[in-house]
Amino acid sequence: MSLFGSIQMAGNTLQAMEIGLHVVGNNISNANTPGYVRERVLYTPAPVQKLGNLTLGLGVQIAGIVQNIDSFVEDRLRGVASDRASADIQQKVYKDLESIVGELSDTDVSTQMSNFFNSIDEVINQPDEMAVRNLAVQAGKSLATTINTLSRRVNTSYEEFGIEVNNLTDEINALTDNIRKLNVQIVSLEGGNPTASQAGALRSQRSVALKRLSEIADINVTENPVGAVNVTVGGELLVFEGTSRQVKTDYATTNGRPTATIQFAENNSPLHVSGGELHGIYEARDKIVGGFLDRLDNFAASLANEFNKIYSQGQGATGFQSVTSTESVNNSGVPLDAAGLHFTPTNGQFKLLVYNTTTKLTETHVINVDLDGLQDDSSLGSIVNQINAIAGVTAQVTTDNKLKLTAGSAETRLSFADDNSGFLAAIGINTFFTGSSASTLAINDVVAADGSKFAASSAGIGVNVQNGQRLVALHDSGLSSLNGNSLTGLYDQLINETAQGATVAGSLADGFKVFEQTLEAKAQAVSGVNLDEEAIDMIMLQRTYQASARFISTLSELMDVLVNL
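Analysis parameters
Residues numbered from 1 in each chain as written. Predicted model: local features only at pLDDT ≥ 70, side-chain atom pairs only at ≥ 80, totals over all residues. Heavy atoms only, no water. Phe/Tyr/Trp six-rings, centres within 6.5 Å; stacked < 30°, edge-to-face > 60°. Helix = DSSP H or I, 4+ residues; strand = E, 2+ residues; numbered from the N terminus. Buried < 20%, exposed > 50% of the residue type's maximum accessible area, 1.4 Å probe, protein only. Patch = residues over 30% accessible without salt bridge, like charges linked within 9 Å, V, L, I, M, F, W, Y side chains within 5 Å. Areas by Shrake-Rupley, 256 points an atom, 1.4 Å probe, with all protein chains shown as cover. Salt bridge = Lys/Arg side-chain N within 4 Å of Asp/Glu carboxyl O. Pairing = 2+ DSSP bridges. Axes fitted to C-alpha atoms, helices over the stretch in contact; angles between N-to-C directions. Contact = heavy atoms within 4.5 Å. Expected span 1.5 Å × (residues − 1). Core = buried A, V, L, I, M, F, W, Y, C linked by side-chain atoms within 4.5 Å. Polar contact = N/O pair within 3.5 Å; in protein donor to acceptor, adjacent residues only side chain to side chain. Parallel < 35°, antiparallel > 145°, perpendicular 65-115°, else oblique. Left-handed = near helix turned anticlockwise from the far one by under 90°. Nonpolar A, V, L, I, M, F, W, Y, C, P; charged D, E, K, R; others polar.

**Considering the packing of aromatic side chains**
Reasoning step 1: Inspection of the entire model under this criterion finds 15 aromatic pairs.
Reasoning step 2: Aromatic pair F117 and F307: ring centres 6.3 Å apart, planes at 65°, arrangement edge-to-face. With F117 in helix α3 (residues 109-125) and F307 in helix α6 (residues 276-311), the pair connects residues that are 190 residues apart, well separated along the chain. Accessibility assignment for this pair places F117 and F307 in one class, buried.
Reasoning step 3: For the ring pair F307 and F433, a centre distance of 5.3 Å and an interplane angle of 70° mean the geometry is edge-to-face.

**Quick notes on unusual backbone geometry**
Reasoning step 1: With phi around 50°, D376 is a residue other than glycine that occupies positive phi space.
Reasoning step 2: The residue D376 is located in the loop between β13 (362-369) and α7 (380-388) in this model.
Reasoning step 3: Although it is not a glycine, N430 adopts a positive phi angle of roughly 55°.
Reasoning step 4: You can see N430 is positioned in the loop between α8 (423-427) and β17 (433-434).

**Considerations on a nonpolar patch on the surface**
Reasoning step 1: A contiguous nonpolar patch, built from I28, L531 and M538 and spanning about 250 Å² of accessible area, is present on the exposed surface.
Reasoning step 2: With respect to the helices and strands, the residue L531 is situated in helix α12 (residues 531-564).

**What about the sheet that holds strand β11 (residues 322-324)?**
In a beta sheet, neighbouring strands pair by backbone hydrogen bonds and run either parallel or antiparallel.
Reasoning step 1: Read across the sheet, three strands follow the order β11-β15-β14 without closing on themselves; strand pairing throughout is antiparallel. Because the sheet does not close on itself, it has two edges, and the strands there are β11 and β14 (393-397). Between one strand axis and the next, the sheet turns by 10° as a mean value, whatever way the strands run.
Reasoning step 2: Of the strands in this sheet, β14 and β15 (403-407) are in contact with α7, which crosses β14 at around 165°.

**So, the sheet that holds strand β7 (residues 236-240)**
Reasoning step 1: Taken together, the four strands give an open sheet; going across it, the order is β5-β6-β7-β8, and neighbouring strands pair in antiparallel fashion. Sheet topology places β5 (219-223) and β8 (243-244) at the edges, where each strand pairs with a single neighbour.
Reasoning step 2: In the sheet, β7 pairs with β8 via two bridges, with the strands oriented antiparallel. What sits directly across from F240, in β8, is T243.
Reasoning step 3: Most of the contacts of helix α4 (residues 130-190) go to β7, to which it runs at about 50°, and overall it touches β6 (229-233), β7 and β8.
Reasoning step 4: Its contacts with the sheet put helix α5 (residues 200-216) on β5, β6 and β7, and the angle it makes with β5 is roughly 155°.

**As for α3**
Each turn of an α-helix holds 3.6 residues, which means side chains three or four residues apart point in the same direction.
Reasoning step 1: Helix length check: α3 (17 residues) gives 24 Å between terminal C-alpha atoms against 24 Å at 1.5 Å per residue, within 8%.
Reasoning step 2: Along α3, the residues classified as buried are V109, S110, Q112, M113, F116, F117, S119, I120, V123 and I124.
Reasoning step 3: If you follow the buried residues of α3, they end up packed against α4, α6, β17, α10 (466-473) and α11 (487-527).

**Digging into the nonpolar core**
Reasoning step 1: In terms of nonpolar packing, the biggest core is built from 82 residues, with F307, F432, F433 and F454 touching the most fellow members.
Reasoning step 2: Once you skip the residues sitting within four places of it in the chain, F433 turns out to touch F116, G140, L143, L303, A304, F307, N308, L441, A442, I443 and N444.
Reasoning step 3: One finds L341, F343, V384 and A395 within the second-largest nonpolar core, a separate group that totals 31 residues.

**Quick word on the environment of S477**
Reasoning step 1: Note on placement: S477 falls in the loop between α10 and α11.
Reasoning step 2: The spacing of S477 and G489 is twelve residues in sequence and 9.0 Å in space, taken between C-alpha atoms.
Reasoning step 3: Sequence-distant contacts of S477, that is, excluding residues within four places in its chain, are made with N485 and S486.
Reasoning step 4: A distance of 2.5 Å separates the side chain of S477 from the backbone oxygen of A473, its partner in a polar contact.

**What about the packing of α4 against α5?**
Reasoning step 1: The geometry of α4 relative to α5 is characterised by a closest axis approach of 9 Å and an angle of 155° between their N-to-C directions. With respect to α5, the element α4 is oriented roughly antiparallel. Regarding α4 and α5, the two cross each other, and that crossing is left-handed.

**A closer look at the packing of α5 against α6**
Reasoning step 1: Running from amino to carboxyl end, α5 crosses α6 at an angle of 15°, the nearest separation of the two axes being 3 Å. Looking at the two axes, α5 sits roughly parallel to α6. Residues R212, S214, E215 and I216 of α5 form the contact with α6, whose participating residues are G276, E277, L278 and H279.
Reasoning step 2: Among the residues making up the contact of α5 with α6, the classes are represented as two nonpolar, three polar and three charged.

**Quick notes on the pattern of salt bridges**
Reasoning step 1: Per the counting criterion, the structure on display carries 27 salt bridges.
Reasoning step 2: A salt bridge links R84 to E215; the nearest nitrogen and oxygen atoms lie 3.0 Å apart. On the criterion of sequence distance, the pair formed by R84 in helix α2 (residues 71-101) and E215 in helix α5 is long-range, its members being 131 residues apart.
Reasoning step 3: Given a relative accessible area of 14%, E215 falls into the buried group.

**So, the environment of L490**
Reasoning step 1: Relative to the elements of secondary structure, L490 occurs in helix α11.
Reasoning step 2: On the basis of relative accessibility, which here comes to 14%, the residue L490 falls in the buried class.
Reasoning step 3: A C-alpha to C-alpha distance of 9.5 Å links L490 and L296, two positions 194 residues apart in sequence.
Reasoning step 4: Residues within four places of L490 in sequence aside, it is in contact with N298, F299, S302, L482 and N485.

**Observations regarding the side chain of N173**
Reasoning step 1: Positionally, N173 belongs in helix α4.
Reasoning step 2: Look at N173 and you get buried, because its relative accessible area is 13%.

**Considerations on the pairing of β6**
Reasoning step 1: Judged by how many residues are buried, β6 sits mostly within the fold: five of five residues are covered.
Reasoning step 2: Covered by surrounding structure in β6 are V229, V231 and V233 together with N230 and T232, the residues of both alternating faces.
Reasoning step 3: Sheet analysis places β5 next to β6, joined by five bridges and oriented antiparallel. Note on β6: the bridge partner recorded for I219 is V233.
Reasoning step 4: Bridging between β6 and β7 involves four bridges; their strand directions are antiparallel. Bridge assignment links N230 to a residue of β7, and that residue is F240.
Reasoning step 5: Between the antiparallel neighbours β6 and β7 lie two residues, among them G234 with a positive phi of about 60°.

Below is the structure:
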């Protein structure tokens, strides 16, 4: 090898060390850049040269600049990021739900329900005080309003999920388009050979986009031999090399509530996810918030129906001259259990009491409700016919298919008793509550306008308070129709399920966070920039550079000797 060859070898070494120092400087510059992956230079021996019987090395050459990354850990990190993101969403929704419910406050449903039943107890203690009856009606109104407000606030939270889903749709489209573009740029710069030299900055940008996409949905990422990544979710391709598929938000109605889902724009097929923020939103909307609303509606319906079934058998301090049902049937000629009532009556009977205010006498008439399913089952029309057979009482089906009863004279008053069919509660005659859900629960306008109609008696108009005692017992007594649960117990169960769900969701979220942090630490140990290690590499490269420069200086002196010979 000539002196000129040695000088060339030393020059190559200087160039290699310069490149190495540049990579070190780039690593140091990006030490605090989110998502940056540390780069390293691949040094390999240069090709050898044959000189006689000798084989001489020609120094060093750079095989490439690659990212220092553990692909297996990165895949696991994306997977746990999806799980953590889903759990975080559900934990947050539970916390928001607990805040909305506001248990242990002075305005929660439990407190209002206790106040309501306590006010009925006051009616029992002071049956002749109309002001006390009015207070009981107002307490019932406060309870209904509190339940309405809770339902409205939770429904508002439910509807906000549609906005979040639509925001994720836009973000998914932006991320997949960015990944697609980066695929093209990376393949172009790397020349289809990512093992030689990698486009580190572009790959870091792509990794950041993939991580964010994994937080939205549980994606699967594979890199092909030329350096492009393919992204799938639920078995469907989102990104394939230089192409991406757009998604859209689809709006529909499920169980009477608006729902938003994400679909592929090209064929309307749903984007199936089992992790990520989108999965968390679906679970929170359909199971947490939607489930809470379903159970709240069930509680409100049970409160209205069970209370009305007892209440409708009682009599107030005054009777009715005329009363119209709050509920209507679809068809007055079809059996009552198929007439579209929110609450279905059963086979039985009730008593219509006709009281004369002059003679102080009460006539009792039994009205049969035949719903045994055999033949000639009772319809609203047949009930009307039975009542019209009673002297001094007129019954009719109104134009909107409601039942209206009218006393035949000014001294006649109507009241009701002993209904074991549930007809009165179902049709809304002599009831306290109206509505069949948390959003529609209200107080019957008749009793709201006249507290004397509050049905505390069971033996006639203004006779005793035994029906009031039965109403108070509903607070804590188990009911066969509620599988042995009480009205209070039914609501407590709803609150306890919410609290337990919040605890479980919090534990899951914390567990995923700890696991993610563990994997993040492993990834950073490989891919993160360690300034101490970079300083060591920088000193090593500096010393090598100085030695090569000294080697060139020595060769220069030898050249001078040769020239001067």
